[in-house]
2 protein chains.
Amino acid sequence: MGTVAPKFYLVGDDPSIRVPVRRVEVGEMNSDGEPITIDLYDTSGESMESGSSLPALRAQWIDDRHDTSMGFRTSAITGRDIVVRRAVEGSLPTQHSYAKRGLATPEMHFVALREGVPVQVVLDELANGRAVLPANVNHPESEPMIIGSRFLVKVNANIGNSSVSADIDTEVDKLLTAVMYGADTVMDLSTGRDIVKTREAILRRSPVPIGTVPIYEALQRVGGNPRELNWEAFRDTMVAQAESGVDYMTIHAGLRIAHIPLTVSRVTGIVSRGGSIMATWCLAHHRENFLYENFLEICEIAARFDVTLSLGDGLRPGSIADANDEAQFAELFTLGELVGIARTQDVQVMVEGPGHVPINLIAENVEKERDWCDDAPFYTLGPLATDFAPGYDHITSAIGAAIIASHGTAMLCYVTPKEHLGLPDAADVKAGMTAYKIAAHAADIAKGHPAALERDLALSRARFDFRWEDQFNLALDPAVARSYHDEALPAPAAKRAHFCSMCGPKFCSMALSRELREEAEISMRVKSSEFIQSGAEIYLAKGD
Amino acid sequence: MGTVAPKFYLVGDDPSIRVPVRRVEVGEMNSDGEPITIDLYDTSGESMESGSSLPALRAQWIDDRHDTSMGFRTSAITGRDIVVRRAVEGSLPTQHSYAKRGLATPEMHFVALREGVPVQVVLDELANGRAVLPANVNHPESEPMIIGSRFLVKVNANIGNSSVSADIDTEVDKLLTAVMYGADTVMDLSTGRDIVKTREAILRRSPVPIGTVPIYEALQRVGGNPRELNWEAFRDTMVAQAESGVDYMTIHAGLRIAHIPLTVSRVTGIVSRGGSIMATWCLAHHRENFLYENFLEICEIAARFDVTLSLGDGLRPGSIADANDEAQFAELFTLGELVGIARTQDVQVMVEGPGHVPINLIAENVEKERDWCDDAPFYTLGPLATDFAPGYDHITSAIGAAIIASHGTAMLCYVTPKEHLGLPDAADVKAGMTAYKIAAHAADIAKGHPAALERDLALSRARFDFRWEDQFNLALDPAVARSYHDEALPAPAAKRAHFCSMCGPKFCSMALSRELREEAEISMRVKSSEFIQSGAEIYLAKGD
């Protein structure tokens, strides 16, 4: 077997629904004597030649709904006209709206197959808003992805340039690295040169939903001074991004002017870029946040393209000391109010969360979000469980992420080793993704997700049987697992050996334990009843 | 300032008590206009020339107690006679015994100063057995270290060779790497060539307590076949190791023959090396574990040298599927019985724990250990929160470790990226240590330890003030933090810049937030009362 198991497609009743997986054939047989296969979740998308766009997988599904009309816009990259879809007057082309009407879209069937659940679960969760399926009608290249606490925990990878470092190919490379290592969504947070071109290149090449923070581009449009921002600049940016196909947008509408004084005594003030921009605007004009005041129109734009709103936590804590403070919770409470407004417009909506939170304060974040935001999917950045390890914040935050996801967070935004220090490169994207796939999977295990449990079980059985190739192929990162093993024992025969270099042949507990099991089987058949009796007695004597 | 802050000594009332720290002078003044300093915990020991032993820091303290007599043994390395201390007839030279008698030893004063607590807390915790201070009278080179849930969470690094890879200098190098990155104790798990010489070299160079698993050497003494083991071989090994200075020993006395059938239906059988060895012996002879049967004599040997017993969990789960099963808990219950026996002999004792445990089952391990083992310090290997990421098990297990430590585990045994795949090298030791210092620190933060909180606060204040040098110097790994920052912005001027390459100058939220704070101060002084009033109303209207 190769390093990466071959791609395979699960096909729905409708043959246009083809869910990609990586199929691993392990060295065990089922009771019918057939090889057991394990299908691994895969978001890497079709392999394409460099510079090519992905096929428009969802175009026919969207067209068949007859709720959008087509116009044209000029591509930022090619200069050619490309199709723009928007809702026809009076229609609501959002997945939330279809679910409320009890209509299962092909996108819903796709995610049901991908998650291994009945489509009715998908319909229910989307209808009541406990899940979102970000799928802009102008991003037909994306494979549908559902985000909600009853589904697999998702991981978002942030990419994007800054004014210090900007190159379109580099960002596309980061996108491909992110999805190669399992990113479920990707946010393009570019703030440097060529924002529009970079986003366009990413969208056309992305098999996963793409998110943005439109206030960044709006700020560029007004020359970079937050005080010059205005609703019209924001609205025009949002429409342009929706037309290009952005699937979800972070909107910092919950940071109200009245919350700003609550941040004055904080250790690290306002650490959200969008939050600090909006706070600067509010105080400069002594006016309420224009995103809050125009939130209904924001919803109307979002509905037209089925853009999912991600309500930004502009006041998230930037240090342990500021966690769960009044400023943070005042904004979270306002986000709950905005969730209610979005729902009245049939707009899909999720809620963003912190940030830096010590382990003992993590659960409260999920509890308050569920309570105040009516179970809207929670989408958290980490949180980092300590401030003291810059350079290792993929780990400080994977700890917080695993905990918050096991409490019910639906999607985790990764943090890379470069957090607080510099712009991540492709190696950092990989490091962030692997740490976060671990956090998400650990939470799926804690929540008892059958697909997660199946994979761990298959890998552990392979481990106990010394099926090294199966162990590598079922691993999160087969290439790394294989290379670590082969450092000390590269010979092909070592792939069948009942030990590795950690303990050597005589001290391998698994080898001893297997031997023991075989040797003991006869003896135990005789003795086991008395053993179990006395063992159980000892144990139960004081057991609770 | 350099990469590593200079070493400094906190001196006790008794000037022979000198606790090493790394003193960081940060760019802030206190109210008296003096520079603020932060003392960072440090276990790296004295710098020595290659091949030299450390000074015998504790020798005078031990001699002054007049409860040990001196003999001689031949050094495995130099062939020269070296001093061996053992209890004089009728004396109990254990720290537990002194604490029970209300006598504070210099070792206790040392750890009180190191931990920043009154010596009475140390006395109380040692007296009631909720903490241990592993300090063999034959390891006078070690700096005293306390392990208990009321103190800083400790991290143990496993080193040691295997038959596949064995070299004494390599193991000393791993020891020095481990303590450089903050190991609180180190276990030498060698099973390959030169077990005795390797251990001797490690002990004479180690500033931290050293642990071993004596059954490994005992097995070598009988030719490597577990069936040939016997009590006499074990006892002789234990005495020899105690004479050489081993501070704590893992004893697999809790795995009773009656527990073995409980492992038959496990996915991964018995994964502890010591556990699989003892189980093999028990079944081969159809006899009860000789370590269980001779546990009282084990305690008598331990008391003679003040060896701390670490009760091994030979039946820890080796996969998520086996977590918290009957076999594991039957053994844990037996360990509680052995804790009681050790206490009657004034022997210091701690209890080892798993292993592989999903997040939702972690707390139960701590609860049962506390209940059944009468609050003896819990010492856990991870646990790994998922099985699916060989190559990244420092991360899968740091997640479990942070959680279990926040519930009260006293010491964490690290896991390196090579776990399940091969023998760790020095780079793996560093990767394991950094992940585990993060886990331990995150737990200290969650438990509200003042020293942990102080460090995070100082680092976050430095971050918000753009004091880059302070941020690096306060970081877990200053060299890595600095190098990540400098990748994109190497110029000296960038160390004073109010941004990094992540966001660039115009999108730095911290810079905006600082500006905001300064600009807003006048305006807010006027407006703040009305802001706070309205903000507080909004928040409190629905707040719980």
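All of these numbers come straight from a predicted model, not from anything done at the bench. (Residues numbered from 1 in each chain as written. Chains lettered and ligands numbered in written order. Predicted model: local features only at pLDDT ≥ 70, side-chain atom pairs only at ≥ 80, totals over all residues. Heavy atoms only, no water.)

Novice: Teacher, can you tell me more about the packing of aromatic side chains here?
Specialist: Within this structure, the stated rule accounts for 14 aromatic pairs over all chains. With centroids separated by 6.0 Å and ring planes inclined at 25°, the aromatic side chains of B:Trp231 and B:Phe234 adopt a geometry described as stacked. Remark: B:Phe234 and B:Trp231 occur in helix H8 (residues 231-244); sequence separation between them is three residues, near one turn of the helix. Three or more aromatic residues joined by ring pairs form one cluster here, namely A:Phe329, A:Phe333 and A:Trp372. Seen from the ring of A:Tyr98, A:Arg65 lies directly overhead, with NZ or CZ sitting 5.5 Å from the centre. (Phe/Tyr/Trp six-rings, centres within 6.5 Å; stacked < 30°, edge-to-face > 60°. Helix = DSSP H or I, 4+ residues; strand = E, 2+ residues; numbered from the N terminus. Lys NZ or Arg CZ within 6 Å of the ring centre and 35° of its normal.)

Novice: Is there a simple way to explain the relation of the copies chain A and chain B in this structure?
Specialist: One copy of the chain maps onto the second through a rotation around an axis plus a translation along that axis. After a rotation of 180° and a shift along the axis of 0.0 Å, chain A superposes on chain B with an RMSD of 0.0 Å. Expressed as an axis order, the relation between the two copies is that of a two-fold axis. It is A:Ile399 whose C-alpha, among those of chain A, lies nearest the rotation axis, at 2.4 Å. The residues that chain A uses at the interface reappear at the interface of chain B in 100% of cases, marking a shared surface. (Least-squares fit on C-alpha atoms with pLDDT ≥ 70 in both. Contact = heavy atoms within 4.5 Å.)

Novice: Quick question: what am I supposed to make of the nonpolar core here?
Specialist: If you look at soluble globular proteins, the nonpolar side chains tend to sit buried side by side. Formed by 234 residues in total, the largest nonpolar core has its most connected members in A:Ile215, A:Phe234, A:Leu309, B:Phe234 and B:Leu309. What A:Ile215 contacts, discounting residues up to four positions off in sequence, is A:Leu229, A:Phe234, A:Gly274, A:Ile277, A:Met278, A:Phe290 and A:Leu291. (Core = buried A, V, L, I, M, F, W, Y, C linked by side-chain atoms within 4.5 Å. Buried < 20%, exposed > 50% of the residue type's maximum accessible area, 1.4 Å probe, protein only.)

Novice: Hey, could you run me through H8(B) in this one?
Specialist: One turn of the α-helix equals 3.6 residues, which is why residues spaced by three or four share an orientation. Residue and element names in this part refer to chain B. End to end, H8 covers 20 Å across 14 residues, agreeing with the expected 20 Å (1.5 Å per residue, within 8%). Within the span of H8, buried status applies to Trp231, Ala233, Phe234, Thr237, Met238, Gln241, Ala242, Glu243 and Ser244. For H8, the N-terminal capping position is held by Asn230, with its side-chain oxygen 3.2 Å away from the main-chain nitrogen of Glu232. After H8 finishes, the residue Gly245 shows a positive phi value of roughly 115°. (Expected span 1.5 Å × (residues − 1). Polar contact = N/O pair within 3.5 Å; in protein donor to acceptor, adjacent residues only side chain to side chain.)

Novice: What should I look at first to understand the interface of chain A and chain B in this one?
Specialist: The parts lose accessible area when they come together, and the size of an interface is often stated as this lost area. Between chain A and chain B, the residue contacts involve 130 residues of the former and 130 residues of the latter. With both chains or domains summed, chain A and chain B bury close to 11100 Å², and 69% of this area falls on carbon and sulfur atoms. Counting the contacts that link chain A with chain B gives two salt bridges. Of the charged contacts, one joins A:Glu487 and B:Lys418 as a salt bridge, the two residues approaching to 2.8 Å between their closest N and O atoms. (Buried area = accessible area lost by both parts, 1.4 Å probe. Salt bridge = Lys/Arg side-chain N within 4 Å of Asp/Glu carboxyl O.)

Novice: How should unusual backbone geometry be read in this particular structure?
Specialist: Generally, phi is negative for residues other than glycine and the peptide bonds are trans, each holding for most cases. All names here are of chain A. That bond from Pro354 to Gly355 is cis: its omega, -5°, falls within 30 degrees of zero. Look at the link from Gly382 to Pro383: it is a cis peptide, with omega at 10°. Structurally, Pro383 can be placed in the loop between strand S14 (378-381) and helix H14 (393-406). In this structure, Asp346 takes a positive phi of about 60° despite not being glycine.

Novice: Is there a simple way to think about the confidence of the model for chain A in this case?
Specialist: Low-confidence regions, as indicated by low pLDDT, have predicted coordinates that should not be scrutinised in detail. Residues and elements named next belong to chain A. The share of residues in chain A with pLDDT of 70 or more is 94%, and the mean pLDDT across the chain is 92. Counting interchain partners and residues more than four positions distant, the pLDDT-below-50 stretch residues 528-544 has 20 contacts. Scored as a complex, the prediction yields pTM 0.94 and ipTM 0.93. (pLDDT = per-residue confidence, 0-100.)

Novice: Would you explain the sheet that holds S14(A) in this entry?
Specialist: Strand pairing in a sheet relies on backbone hydrogen bonds, with the paired strands running either antiparallel or parallel. Residues and elements named next belong to chain A. Around the barrel, eight strands lie side by side as S8-S9-S10-S11-S12-S13-S14-S15; this closed barrel has parallel pairing. On average, adjacent strands in this sheet sit at an angle of 25° to one another, irrespective of strand direction. Bridge analysis of strand S12 (residues 308-311) against strand S13 (residues 349-353) gives three bridges, and the strand direction is parallel. Along S13, the bridge assignment pairs Ser310 with Met350. (Pairing = 2+ DSSP bridges. Axes fitted to C-alpha atoms, helices over the stretch in contact; angles between N-to-C directions.)

Novice: Explain the packing of helix H15 (residues 426-446) of chain A against helix H16 (residues 450-464) of chain A here, please?
Specialist: In a packed pair of helices, the relevant descriptors are the angle between the two axes and the axis-to-axis distance. All names here are of chain A. At a minimum axis separation of 8 Å, H15 and H16 run at an interaxial angle of 105°. When the axes of H15 and H16 are compared, the pair comes out roughly perpendicular. Contact residues: H15 offers His441, Asp444 and Ile445, while H16 offers Ala452, Leu453, Arg455 and Asp456. Considering only residue class, the contact of H15 with H16 consists of three nonpolar, one polar and three charged. (Parallel < 35°, antiparallel > 145°, perpendicular 65-115°, else oblique. Nonpolar A, V, L, I, M, F, W, Y, C, P; charged D, E, K, R; others polar.)

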